[in-house]
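Descriptive analysis of the structure
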Amino acid sequence: MSEPKSSVRSRSVPKLALETVMADKAGNPLRRALWLDAMDRQLRPHLPPALANRCRLANVDGEHLVFLVDSPVWHAKVRLAEDQLLDAARSIGLKATRVTVKTATAPPHSPVRENQRSTAVSAATHKGLRDALDALQDVKSTRS
């Protein structure tokens, strides 16, 4: 006679997906991105207030810092503040000697894809919404 199989799983704890990826060589880009994000968060409080919210540390390549901005105006302002940026980077332990600024053509966070853009409301939809609004106003006026 065989014993019934237990519904209790083995006692080994499954690895979290992030730990699994990070343990492998394939996790190097993810580790790099997390490190860059941590450096950006450490650097931000040391930046001039006007720049802190308008630029982002995009890369560190040895002694070379790369910042990302969203418009040519901020590109110029970051270039003018290069010495301050280098001092700020050195204050958090980076051995920075050079700054490059790149202007993004789209915002660095949550870009809108073509298929996500809203389209104009059709005439039928517009008429349906107008009729629904009129009906709601009729109900409201009869209650008053």
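Residues numbered from 1 in each chain as written. Predicted model: local features only at pLDDT ≥ 70, side-chain atom pairs only at ≥ 80, totals over all residues. Heavy atoms only, no water.

For the chain, the name recorded in an unreviewed UniProt entry is DUF721 domain-containing protein, with Stenotrophomonas pictorum JCM 9942 as its organism.

Going through the model one piece at a time under the given rule, you end up with 0 aromatic pairs. Looking at Lys77, its charged tip hangs above the ring of Trp74, at a distance of 4.8 Å from the centre. (Phe/Tyr/Trp six-rings, centres within 6.5 Å; stacked < 30°, edge-to-face > 60°. Lys NZ or Arg CZ within 6 Å of the ring centre and 35° of its normal.)

Counting 24 residues, the largest nonpolar core has Leu43, Leu65, Phe67 and Val78 as its most contacted members. Those elements that place two or more of their residues in this core are α2 (28-43), α3 (49-52), β1 (55-61), β2 (64-69), α4 (72-80), α5 (82-91) and β3 (98-103). The element best represented in this core is α5, accounting for 4 residues. Ignoring anything within four residues of it in the chain, the contact list for Leu65 reads Leu57, Asn59, Val60, Leu85, Leu86, Ala89, Leu94, Ala96, Arg98, Val99 and Thr100. (Core = buried A, V, L, I, M, F, W, Y, C linked by side-chain atoms within 4.5 Å. Buried < 20%, exposed > 50% of the residue type's maximum accessible area, 1.4 Å probe, protein only. Helix = DSSP H or I, 4+ residues; strand = E, 2+ residues; numbered from the N terminus. Contact = heavy atoms within 4.5 Å.)

What follows concerns the side chain of His64. Here His64 lies in strand β2. The class of His64 is buried, set by a relative accessible area of 15%. In this structure the side chain of His64 is engaged in a polar contact, spanning 2.9 Å, whose partner is the side chain of Arg98. (Polar contact = N/O pair within 3.5 Å; in protein donor to acceptor, adjacent residues only side chain to side chain.)

Considering all chains together, one arrives at 7 salt bridges under this definition. Between Arg56 and Asp40 there is a salt bridge, with the nearest N and O atoms lying 2.9 Å from each other. Separated by 16 residues along the polypeptide, Arg56 in strand β1 and Asp40 in helix α2 bring together distant segments of the chain. In this structure Asp40 comes out as buried when scored by relative accessible area, which is 3%. The partner of Arg90 in a salt bridge is Asp87, and the shortest N-O contact between them spans 3.3 Å. Of this pair, Arg90 and Asp87 both sit in helix α5, 3 residues apart, which is roughly one turn of the helix. Of the residues examined, Arg90 reaches a relative accessible area of 42% and is grouped as partly exposed. Classification of Asp87 as partly exposed rests on a relative accessible area of 48%. One salt-bridge network, in which partners are shared between bridges, spans Asp37, Asp40, Arg41, Arg44 and Arg56. (Salt bridge = Lys/Arg side-chain N within 4 Å of Asp/Glu carboxyl O.)

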